[in-house]
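Now for the letters of each chain:
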Amino acid sequence: MQSSNHRLRDMEQHHPLLSAGSDVESGSLSADVMVGGPHAHAAGNRTLWFIQDSCGMVCASITWFLVLYAEFVVNFVMLLPSKNFWYSLLNGAAFNSLAVLALASHLRTMLTDPGAVPKGNATKEYMESLQLKPGEVIYKCPKCCSIKPERAHHCSICKRCIRKMDHHCPWVNNCVGEKNQRFFVLFTMYIALISAHALALSGMHFFSCIKVQWNECSDFSPGVSVLLLIFLCLEAILFLTFTAVMFGTQIHSICNDETEIERLKNEKPTWERRMRWDGMKAVFGSPPSVLWCNPFTGLRLRRLLLLTQGRRGGSEFSV
Ligand SMILES: [Zn+2]
Ligand SMILES: [Zn+2]
């Protein structure tokens, strides 16, 4: 099979036939090994995925700050000063557990490779190894010089082609794609839940404090307490709306086996669509269980520690 029989096109710019080997970064042919981009830190022969985008890093830090702010107000302004022990204990356990799950989902979304295509693999040797049939069309991304699989799109922030790219989200400082979409869905779900919980707690706190005219209602002065609570309510309303809409959109996309980019571009599906539960199983793994809500799934703590210490032989945490 000769490579001259292969037509290699760019999906977006429709480049002519590729002169294989030209315009290709050298020495990076690797089909099955995850290759970190210029923004990924190498550790041994594996990588920890982290996008060094200043806007994304600021937005991700703001997300953490806002969740920790909500934790502070809920725990120190509302629950700890409360005289009802069981009310404080049960609500504190529920709110703090959901907040930990939200932050863990955020970290997993941010630090998981979203499905990056090996960079610069559009070489003559690699194309020949694909054993393509005459007339079979494959696509090359001119920006990262990789062979673009079906449903992959190039992200200008990650500077990589991402499999089943849904969108790039600065709040998680990463692309949402084939391998981290489940964590992103969990992130939106847990943020929506803690926002709703914070709103309910704030409402009850206002109601009970007004009854006693803010006497012994909180360790803070009434003015400071009201300001902290008002800001928490505004934050919770904003994030509840935003994440609930995003969660619904994501579940709808998964159940229709269609990414946000495909929906916006109105692409006709050339792939076999996995609808409803099959779509959910493809993203969350099967069979359906409460483990779908677990953001720690597939996390190997010992290997993660080895990876962060940069020891050779450490493996990236699997998805
Ligand atoms: Zn690309
Ligand atoms: Zn991206």
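Residues numbered from 1 in each chain as written. Chains lettered and ligands numbered in written order. Predicted model: local features only at pLDDT ≥ 70, side-chain atom pairs only at ≥ 80, totals over all residues.

**Comments concerning helix H2 (residues 85-111)**
Side chains that are three or four residues apart share a direction in an α-helix, a result of its 3.6 residues per turn.
Logical step 1: In a regular helix each residue adds 1.5 Å, so 27 residues correspond to 39 Å; H2 covers 38 Å between its end C-alpha atoms and thus fits that length.
Logical step 2: Taken as a whole, H2 has its buried residues at Asn91, Phe95, Leu98, Ala99, Leu101, Ala102, Leu103, Ser105, His106, Arg108, Thr109 and Met110.
Logical step 3: Against the buried residues of H2 lie helix H1 (54-79), strand E9 (174-176) and helix H4 (181-211). (Helix = DSSP H or I, 4+ residues; strand = E, 2+ residues; numbered from the N terminus. Expected span 1.5 Å × (residues − 1). Buried ≥ 20, exposed ≤ 12 C-beta atoms within 10 Å, placed from the backbone. Contact = placed C-beta atoms within 7 Å.)

**With respect to unusual backbone geometry**
Logical step 1: Phi is positive for Cys145, which is not a glycine, with a value near 55°.
Logical step 2: Cys145 sits in the partly exposed class, given 18 other C-beta atoms within 10 Å.
Logical step 3: Positive phi, normally seen in glycine, also occurs at Asn173, with a value near 50°.
Logical step 4: Turning to its location among the elements, Asn173 is positioned in the loop between strand E8 (167-169) and E9.

**Structural notes on the UniProt feature "transmembrane region" (unreviewed entry) in the protein chain**
Logical step 1: UniProt annotation of "transmembrane region" (unreviewed entry) refers to residues 55-79, 85-104, 183-206 and 226-247 when read in the numbering used here.
Logical step 2: Taken as a whole, residues 183-206 contains 100% helix and 0% strand, while its terminal C-alpha atoms sit 34 Å from one another.
Logical step 3: The span residues 226-247 is 100% helix and 0% strand, and its two end C-alpha atoms sit 30 Å from each other. (UniProt positions renumbered as here; feature names shortened; annotations may be inferred.)

**With respect to the packing of H2 against H4**
Logical step 1: The geometry of H2 relative to H4 is characterised by a closest axis approach of 8 Å and an angle of 150° between their N-to-C directions. In terms of orientation, H2 and H4 fall into the roughly antiparallel class. The element H2 and its partner H4 pack so that their crossing is left-handed. Across the interface between the two elements, Asn91, Ala94, Phe95, Leu98, Ala99, Leu101, Ala102, Ser105, His106, Arg108 and Thr109 from H2 touch Phe183, Phe184, Leu186, Phe187, Tyr190, Ile191, Leu193, Ile194, His197 and Leu201 from H4.
Logical step 2: Its residues placed into classes, the contact of H2 with H4 shows 15 nonpolar, five polar and one charged. (Axes fitted to C-alpha atoms, helices over the stretch in contact; angles between N-to-C directions. Parallel < 35°, antiparallel > 145°, perpendicular 65-115°, else oblique. Left-handed = near helix turned anticlockwise from the far one by under 90°. Nonpolar A, V, L, I, M, F, W, Y, C, P; charged D, E, K, R; others polar.)

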